[in-house]
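What follows is each chain in one-letter form.
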Amino acid sequence: QQPVQSPQAVILREGEDAVINCSSSKALYSVHWYRQKHGEAPVFLMILLKGGEQKGHDKISASFNEKKQQSSLYLTASQLSYSGTYFCGTETAPENYGGSQGNLIFGKGTKLSVKP
Amino acid sequence: DTGVSQNPRHKITKRGQNVTFRCDPISEHNRLYWYRQTLGQGPEFLTYFQNEAQLEKSRLLSDRFSAERPKGSFSTLEIQRTEQGDSAMYLCASSYRDLTYEQYFGPGTRLTVT
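None of the values given here were measured: they were computed from a predicted structure.

> Honestly, the pattern of salt bridges in this entry has me stumped. Any pointers?
Any two side chains of opposite charge can pair, so long as their charged atoms come close to each other. Residues and elements named next belong to chain B. Per the counting criterion, the structure on display carries four salt bridges over all chains. R22 is the partner of D24 in a salt bridge, and the nearest nitrogen-oxygen pair spans 2.8 Å. With a relative accessible area of 22%, D24 lands in the partly exposed category. Overall, the relative accessible area of 34% leaves R22 in the partly exposed class. With a closest N to O distance of 2.9 Å, D86 and R64 form a salt bridge.

So this is what it looks like as structure tokens:
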């Protein structure tokens, strides 16, 4: 039930692009993306809902392929501040009623290192 | 809005002792979540509240764990008879009920059981 993230780690030079994938074997209602720096709490990046649009702000965007139960996070023209571990948190389709429950299952993370 | 706060930030205890952690969510948030995170892993869901009601508890969670949110504001997580396997970072998050439930995490309480 835990989503699978790939790759496990990636090293970039400043200005390069990266894609992080998150796949689930279950039908998903939403996918949440977080970034966590060492010793700090996870920081919310964005949410993608079933039937929703691709999201993005600044140079970070994400998509959600409902047919494949897969989400991808796109990091464009990476900056040093992008370094950290990226987690996707997934929520399966609610059983009782419509609407998000919010109890997320997180993947193991993708460690991103951006070098000067 | 000061964000989610957690106390204490660090706790060292001996095996068999009881510990209690506190979480103060963002003031207007009515949902509160507890997660546990170990090194190299993503946060693991433990339980969540909507106001004072505990709506779900992980089936993987031992009966030694209990959580309360008596007045729908702050929450406490208690671990009884701690074991070395309980050593982890305990994270609290809060959200405001709307369509998307964006969760904002606190800094966590790091528990070390010796």
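> Just to check I follow, could you spell out unusual backbone geometry for this structure?
A negative phi angle characterises most non-glycine residues, just as the trans form characterises most peptide bonds. The omega torsion of the bond from S6 of chain A to P7 of chain A falls at -10°, within 30 degrees of zero and hence cis. Along the chain, the position of P7 of chain A falls in the loop between β1 (4-6) and β2 (9-13). Of note, the phi angle at N51 of chain B is positive, near 55°, even though the residue is not glycine. Tracing the chain through its elements places N51 of chain B in the loop between β5 (44-50) and β6 (53-57).

> For this particular structure, what's the right way to read the interface of chain B and chain A?
Reports often express the size of an interface as the amount of accessible area lost when the parts come together. With 22 residues of chain B at the contact, the number on the chain A side is 20 residues. Buried surface at the junction of chain B and chain A, summed over both partners, amounts to about 1700 Å²; 54% is from carbon and sulfur atoms. For the pair chain B and chain A, the number of links is zero salt bridges. Looking at the side of chain B that touches chain A, the elements that each hand over two or more residues are β4 (31-37), β5 and β10 (104-105) of chain B. In terms of residues, the side of chain B that touches chain A owes the most to one element, β4 of chain B, which gives four residues. The residue inventory of the side of chain B that touches chain A, partitioned by class, reads 11 nonpolar, seven polar and four charged.

The rules behind the values
Here the residue numbers are simple positions, counted from 1 along each chain's written sequence. Ligands are numbered from 1 and chains lettered from A, in the order in which they are written. The predicted nature of this model means local features are confined to residues of pLDDT at least 70 and side-chain atom pairs, given and counted, to a pLDDT of 80 or more, with totals for whole chains, interfaces and linings taken over all residues. Hydrogens and water molecules were not included; the side-chain quantities draw on all heavy atoms of the structure. Salt bridges are defined by distance alone: a side-chain nitrogen of Lys or Arg within 4 Å of a carboxyl oxygen of Asp or Glu. Each residue gets one of three labels from its accessible area relative to the maximum for its type: buried under 20%, exposed over 50%, partly exposed in between, using a 1.4 Å probe on protein chains only. Runs of E in the DSSP output that reach at least two residues are strands. Runs of H or I that reach at least four are helices, and both are numbered from the N terminus. Should any heavy atoms of two residues lie within 4.5 Å, those residues are considered in contact. Defined in terms of a 1.4 Å probe, buried area is the accessible area two parts forfeit on being brought together, summed over both. As a working rule, the residues Ala, Val, Leu, Ile, Met, Phe, Trp, Tyr, Cys and Pro are called nonpolar, Asp, Glu, Lys and Arg charged, and the rest polar, with Gly in that last group.

Function cannot be inferred from these measures alone, as they are strictly geometric.
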